[in-house]
Amino acid sequence: MSVLVTVWNRGRILSETVNSIFSSSFRDFEVVLVDDCSADDSWEVCCQLSASSLTVRSFRNSSNLGDYANRNRAASLARGKYLKYLDADDLIYPHSLHVMVDALERFPDAALALSANVIDPDVPYPEKLEPPEFFRRHFLGRSPIGVGPSAAIIRRDCFEAVGGFSGRQFVGDTELWLKLAERWPVVLLPPALVWWRRHEGQQMSLEMKKPEVLNVRFRLQLEMLRSTVNLATSDRTLAEQRLVQHHARRLLAMAIREGRIRTAWKLWREAPLRYTDLIKGLRSYQ
């Protein structure tokens, strides 16, 4: 397994993240650190970590690539059968790598395993979902998607087959999970295999402050829904109705509850949503 840690200005906490990897009960791994031209002492910390262990390899980009391009760069340097991303501000629990690897070894036809966000599933973990069932749950039930790369383990040959991350801003993780799920089974893992550090500089926190993220996510879901071969026509039609209605309600809530009428109207026009969607949204809005 290759544990990939992409780094940008995380020198203060990077050692803690890497030490959590070395506390794992699973030992057959390498750690690949890729610094994306940090302005702090991140690169110096990377060098110290690689000098202290043959298991750690450190690289520094010649120019800043950005989040997703740096993830692809890290994957290109990996030697392992499996890719396990761990964000430089997160920690992994001692048992987690073992749980993740065991799941993909148990289901060798699966491309991806995700630490699910469903606490009480219908069957015990790990659960393998064939592509049609995965898409039905995602669009018509309790979606297993909603986690970032730190909660995922990916079979490297499948990652390479779909071209890795496209770099699509705000939705790159979800897009990759859906691309993999379109072609191969996905395994659901127990929740809470990673400790997500919450802080002001966290990428997710920064993204949630940008209202345009709502439209980007809506368009991705609509695009993937319309292109999938894993849903019957009737299910796809129902899923699209629900997707549009949910987005309409979210924008109405932004306008009515949050008082951001101009922003909501701008997003509505850019989505784009129709007048009939407004009527349906108002009828279902509470």
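**Q** Explain the overall build of the protein here, please?
**A** Along the protein, the regular secondary structure elements total twelve helices and ten strands. For 286 residues, the compact-globule estimate of 2.2 N^0.38 gives 19 Å, and the C-alpha radius of gyration of the protein, at 20 Å, lies within 12% of that figure. Dimensions of the protein, computed from C-alpha atoms along their principal axes, come out at roughly 65 × 40 × 30 Å. A buried classification covers 51% of the 286 residues belonging to the protein. For the protein, long-range pairs separated by at least 24 residues make up 77% of all intrachain contacts whose partners lie at least 6 apart in sequence. Entry remark: accessible area of the protein is about 13900 Å², with carbon and sulfur atoms responsible for 52%.

**Q** When you look at helix α9 (residues 212-227) in this model, what are you seeing that I'm missing?
**A** Since one α-helical turn is 3.6 residues long, residues separated by three or four positions face the same way. Look at α9: 23 Å from first C-alpha to last across 16 residues, which is about the 22 Å you get at 1.5 Å a residue. By the burial criterion, the buried members of α9 are V213, N215, V216, F218, L220, Q221, L222, M224 and L225.

**Q** How should I be thinking about the side chain of S58 in this particular structure?
**A** Position of S58 among the secondary structure elements: in strand β3 (residues 56-60). Among the polar contacts made by the side chain of S58, one reaches the main-chain carbonyl oxygen of C46 at a distance of 2.8 Å. At 3.4 Å, the side chain of S58 forms a polar contact with the side chain of S50. Residues contacting S58, with those up to four places away along its chain left out, are L33, W43, C46, C47 and S50.

**Q** I would appreciate a short explanation of the pattern of salt bridges in the present structure.
**A** Should their charged atoms come close, side chains of opposite charge can pair. With the rule as written, the count across this model stands at 20 salt bridges. In this structure, the salt-bridge partner of D87 is R71, at a minimum N-O distance of 3.1 Å. Here D87, found in the loop between β4 (82-85) and β5 (91-92), pairs with R71, found in helix α3 (residues 67-76); they are 16 residues apart in sequence, far enough to count as distant. D87 gets classed as buried once you look at its relative accessible area, which sits at 17%. Taking the shortest distance from any N to any O, the salt bridge between R136 and E133 comes out at 3.2 Å. Of this pair, R136 and E133 both sit in helix α5 (residues 131-140), separated by three residues, roughly a single helical turn. Residue classification places R136 among the partly exposed residues on the basis of a relative accessible area of 35%.

**Q** Would you mind going over unusual backbone geometry with me for this structure?
**A** Backbone phi values are negative for most residues with the exception of glycine, while trans is the configuration of most peptide bonds. Backbone torsion omega between Y125 and P126 reads -10°, so that peptide bond is classified as cis. Omega for the peptide link from A271 to P272 comes to -15°, which places this bond in the cis form. Among the secondary structure elements, P272 is positioned in the loop between α11 (261-270) and α12 (275-284). We note that N9 has phi near 55°; this positive angle belongs to a residue other than glycine. Positionally, N9 belongs in the loop between β1 (2-7) and α1 (14-22). Using a relative accessible area of 24% as the deciding quantity, one classes N9 as partly exposed. For A192, which is not glycine, the phi dihedral falls at a positive 60°. Along the chain, A192 falls in the loop between β9 (186-189) and β10 (194-195).

Scoring rules and cut-offs
Residues numbered from 1 in each chain as written. Predicted model: local features only at pLDDT ≥ 70, side-chain atom pairs only at ≥ 80, totals over all residues. Heavy atoms only, no water. Helix = DSSP H or I, 4+ residues; strand = E, 2+ residues; numbered from the N terminus. Rg over C-alpha atoms; globule rule 2.2 N^0.38 Å. Buried < 20%, exposed > 50% of the residue type's maximum accessible area, 1.4 Å probe, protein only. Contact = heavy atoms within 4.5 Å. Areas by Shrake-Rupley, 256 points an atom, 1.4 Å probe, with all protein chains shown as cover. Expected span 1.5 Å × (residues − 1). Polar contact = N/O pair within 3.5 Å; in protein donor to acceptor, adjacent residues only side chain to side chain. Salt bridge = Lys/Arg side-chain N within 4 Å of Asp/Glu carboxyl O.

Function cannot be inferred from these measures alone, as they are strictly geometric.
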